[in-house]
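Chain and residue survey
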Amino acid sequence: MRVSTKARMNRMFTHGGCLDVAIDHGVCNEPSFMVGLEDMAGVVDTLVDAKPDAIQMAYGQADLLQNRPEKDKPALVMRIDMGNPYNDQRHRIMWSILQNADEPIIGALEMDAACVVVNLFMLPDEPELFRQCVENISRVRAACHKYGMPLMIEPLVMLPNEVRGGYQVDGNAEKIVTLVRLASEMGADIIKADPTENPEDFHRVVEAARVPVLVRGGGKEDLKTVLRKSAALMKQGAKGMVYGRNIYQHANPRAVVAALMAMIHQGADGDEAWDIYNRG
């Protein structure tokens, strides 16, 4: 790994783990994701005060973090693609494109990001969407190598729209492991992976990745359940989490961050993390 790539990753992985709080949901064009993100400046203030390892944002909002003067502020992870698979209703044409087609990571370099993230969608009966994602990653991987920028790939295996309405995660371990292996083969430096339906299978995802794996949070759930699931996945080898709605849509984001950070950096289990949350 190049020194510049390693230096940027070190900003994220303090003491070997990383909590990346995702607030890049505006690129999904899905109204339900925006609840809690109406005042982005206030959200960033809250998160900087909470002190996660990283905050995940798109270019248009990244200045709210990077214009701040603190030396110890969270690292910036920049979302550089966008698409329509997250919407509640299936679209006639599914797509995923880079936000800057000519120079895909120029915005991340401008904003001094520690990492860029792109999707690898695997949706039923959508081969063209999958092809677009592979093409996006190929272009981004070349740019990341040129400039020493870490690449986080987000492999997402989704259920058919008619199963639960809107595309939802398919927790089938075989499918997740296979797509994570593809992300690894394409040169991911970090992989953001969905949890397997059985948390005890998640070690297979970690083994397939051969790079640090961060667990994707998905939709908001009961917090105690989230903490216990997260602890089980950490035991299987995850290096941290990329959680969004389970933090920013919560009444006390700072306490949630404290609980998750204790899990990642101090080895707290789910019940201990729950106690830390309640003290927050």
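Owing to the predicted nature of the structure, the values given are computational and were not obtained by experimental measurement.

1. Regarding the overall build of the protein
Of the regular secondary structure elements, the protein holds 12 helices and 10 strands. Counting only C-alpha atoms, the protein reaches 50 × 40 × 35 Å along its principal axes. Counting all 280 residues of the protein, 54% fall into the buried class. A separation threshold of at least 6 residues defines the contact pool for the protein, and within that pool the share at least 24 residues apart is 68%. Summed over all atoms, the accessible surface of the protein reaches about 12,400 Å², with 49% contributed by carbon and sulfur. In the protein, the 31 positive side-chain charges and the 38 negative ones have mean positions that sit 4 Å from each other.

2. A closer look at the pattern of salt bridges
Where charged atoms from two side chains of opposite charge approach closely, those side chains can pair. A complete count under the given rule lists 19 salt bridges for this structure. Two residues, Lys51 and Asp72, come together in a salt bridge whose shortest N-O distance is 3.7 Å. You can see Lys51 sitting in the loop between α2 (40–50) and β2 (54–58) and its partner Asp72 sitting in the loop between α3 (59–66) and β3 (75–79), a full 21 residues away along the chain. You can call Asp72 exposed: its relative accessible area is 56%. Each of Asp24, Arg79, Asp81, Glu154, Lys192, Asp194 and Arg216 takes part in one network of salt bridges that share partners.

3. What about helix α1 (residues 3–12)?
Within α1, burial applies to Thr5, Arg8, Met9 and Met12. An end-on view of α1 places all buried positions within 100 degrees of arc, on one side of the element.

4. Comments concerning the sheet that holds β2
Spatially, the 8 strands close up into a barrel ordered β1-β2-β3-β6-β7-β8-β9-β10, and their pairing is parallel. Looking at each pair of strands side by side, their axes are set apart by 25 degrees on average, direction ignored. Relative to strand β9 (residues 213–216), strand β8 (residues 190–193) runs parallel, the two sharing 3 bridges. When the bridges of β9 are listed, Ile191 appears paired with Val213. The strands that helix α8 (residues 202–209) touches are β8 and β9; relative to β9, the one it contacts most, it runs at about 135 degrees. Contacting β1 (18–22) and β10 (240–243), helix α11 (residues 253–266) crosses the sheet at an angle of about 150 degrees to β1.

5. Looking at unusual backbone geometry
Even without glycine at this site, Asp125 takes up a positive phi of about 60 degrees. If you trace the backbone, Asp125 turns up in the loop between β6 (115–122) and α5 (127–147). Residue class for Asp125 comes out exposed when judged on its relative accessible area of 68%. Unlike most non-glycine residues, Arg210 shows phi in positive territory, near 60 degrees. Summarising the element assignment, Arg210 is placed in the loop between α8 and β9.

6. Here we look at α2
Within α2 the residues assigned to the buried category are Met40, Val43, Val44, Leu47, Val48 and Ala50. Looking straight down α2, one finds that the buried residues subtend no more than 155 degrees of arc, so they occupy a single side. Residues of α2 that are buried in the fold lie against β1, β2, α3, α10 (245–248) and α11. Looking at the residues trailing α2, positive phi occurs at Lys51, about 65 degrees.

7. Comments concerning the pairing of β8
Where burial is concerned, the two faces of β8 agree: the one with Ile190 and Lys192 and the one with Ile191 and Ala193 are both buried. Bridge analysis of strand β7 (residues 151–157) against β8 gives 2 bridges, and the strand direction is parallel. Residue Met152 lies in a different strand from β8, and its bridge partner there is Ile190. In terms of handedness, the path from β8 via α8 over to β9 forms a crossover that is right-handed.

What counts and how
Residues numbered from 1 in each chain as written. Predicted model: local features only at pLDDT ≥ 70, side-chain atom pairs only at ≥ 80, totals over all residues. Heavy atoms only, no water. Helix = DSSP H or I, 4+ residues; strand = E, 2+ residues; numbered from the N terminus. Buried < 20%, exposed > 50% of the residue type's maximum accessible area, 1.4 Å probe, protein only. Contact = heavy atoms within 4.5 Å. Areas by Shrake-Rupley, 256 points an atom, 1.4 Å probe, with all protein chains shown as cover. Lys, Arg positive; Asp, Glu negative; His and termini not counted. Charge placed at Lys NZ, Arg CZ, Asp CG, Glu CD. Salt bridge = Lys/Arg side-chain N within 4 Å of Asp/Glu carboxyl O. Arc of directions from axis to C-beta. Pairing = 2+ DSSP bridges. Axes fitted to C-alpha atoms, helices over the stretch in contact; angles between N-to-C directions. Right-handed = clockwise from strand over helix to strand, strands pointing away.

Everything listed is a geometric property; what it means functionally is a separate question.
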